[in-house]
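Summary of structural features
Now for the letters of each chain:
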Amino acid sequence: MKKSITIALGLALSAGLAGCGKPSEAPKAEEATAAPAEGAKDMAMPVEAKHGKGEGTVTAIDTAKGQVTLDHGAIAELEWPPMAMGFAAKPELLKDIKVGDKVSFELDWDGKAGTITQISKAP
């Protein structure tokens, strides 16, 4: 009888121990929720790019990096207030633009970054 209790106790302790020697714990409430389906993270929906138009003043240009910073007015299509912000732009779009120019521009916004698609000196 003593042997069977010892064996049973040993099995019970082994079952309750994690690989690091600590007793296993019941999952916390936040951990007990169902896990997402396998591969669900890989299937995240792409964000549809939004297109906007605005006017502003060029405050910086880096043609080597393809960047332009604009201090622009509100952009209704994107529901943006006036602000200063940097955007990606192809160097050929920036060739006739200089710091201090008032410009009209169009951009695509993917939810994280904006890319100037058209830019010209404002009339």
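Provided above is the structure to which this section pertains.
Predicted model only: the values in this text are computed from it and were never measured.

1. So, the overall build of the chain
Tallying secondary structure elements over the chain gives 2 helices and 5 strands in all. For the chain, the succession of helices and strands along the chain, N to C, is α-β-β-β-α-β-β. Taking all 123 residues of the chain together, the buried fraction comes to 21%. If you take every contact in the chain between residues at least 6 apart in sequence, the share linking residues at least 24 apart comes to 45%. Carbon and sulfur atoms make up 59% of the accessible area of the chain, which totals about 9200 Å².

2. Quick word on unusual backbone geometry
Residue Glu-79 is not a glycine yet carries a positive backbone phi of 60°. Of note, Glu-79 is situated in the loop between β2 (67–72) and β3 (83–88). Taking the relative accessible area as the measure of exposure, Glu-79 reaches 73% and is therefore exposed.

3. Describing the nonpolar core
By size, the foremost hydrophobic cluster in this structure holds 17 residues, and its most contacted members are Val-68, Leu-70, Trp-80, Phe-87, Phe-105, Leu-107 and Ile-116. Elements represented by at least two residues in this core include exactly β2, β3, β4 (102–109) and β5 (114–121). The element best represented in this core is β4, accounting for 4 residues. Apart from residues lying up to four places away in sequence, Phe-105 is in contact with Gly-52, Lys-53, Gly-54, Glu-55, Gly-56, Leu-70, His-72, Ile-75, Ile-116, Gln-118 and Ile-119.

4. Things to note about the packing of aromatic side chains
Applying the stated criterion to the full structure yields 3 aromatic pairs. Here Trp-80 and Phe-87 contribute two aromatic rings whose centre-to-centre distance is 6.4 Å and whose plane-to-plane angle is 20°, an arrangement assigned as stacked. Assigned by exposure class, Trp-80 and Phe-87 land together as buried. Geometrically, the ring pair formed by Trp-80 and Trp-109 is edge-to-face, given 4.9 Å between the ring centres and 85° between the ring planes.

5. Looking at the pattern of salt bridges
Taken as a whole and assessed by the stated rule, the structure comprises 2 salt bridges. The residue Lys-98 makes a salt bridge to Asp-101 at a minimum N-O spacing of 3.3 Å. Judged by relative accessible area, Asp-101 falls into the buried class, the value being 9%. Ionic contacts of the salt-bridge type, sharing partners, join the residues Lys-98, Asp-101 and Lys-121 into one network.

Reading the values: rules and limits
- Residues numbered from 1 in each chain as written.
- Predicted model: local features only at pLDDT ≥ 70, side-chain atom pairs only at ≥ 80, totals over all residues.
- Heavy atoms only, no water.
- Helix = DSSP H or I, 4+ residues; strand = E, 2+ residues; numbered from the N terminus.
- Buried < 20%, exposed > 50% of the residue type's maximum accessible area, 1.4 Å probe, protein only.
- Contact = heavy atoms within 4.5 Å.
- Areas by Shrake-Rupley, 256 points an atom, 1.4 Å probe, with all protein chains shown as cover.
- Core = buried A, V, L, I, M, F, W, Y, C linked by side-chain atoms within 4.5 Å.
- Phe/Tyr/Trp six-rings, centres within 6.5 Å; stacked < 30°, edge-to-face > 60°.
- Salt bridge = Lys/Arg side-chain N within 4 Å of Asp/Glu carboxyl O.

Interpretation note: all reported values are geometric properties and have no functional meaning in isolation.
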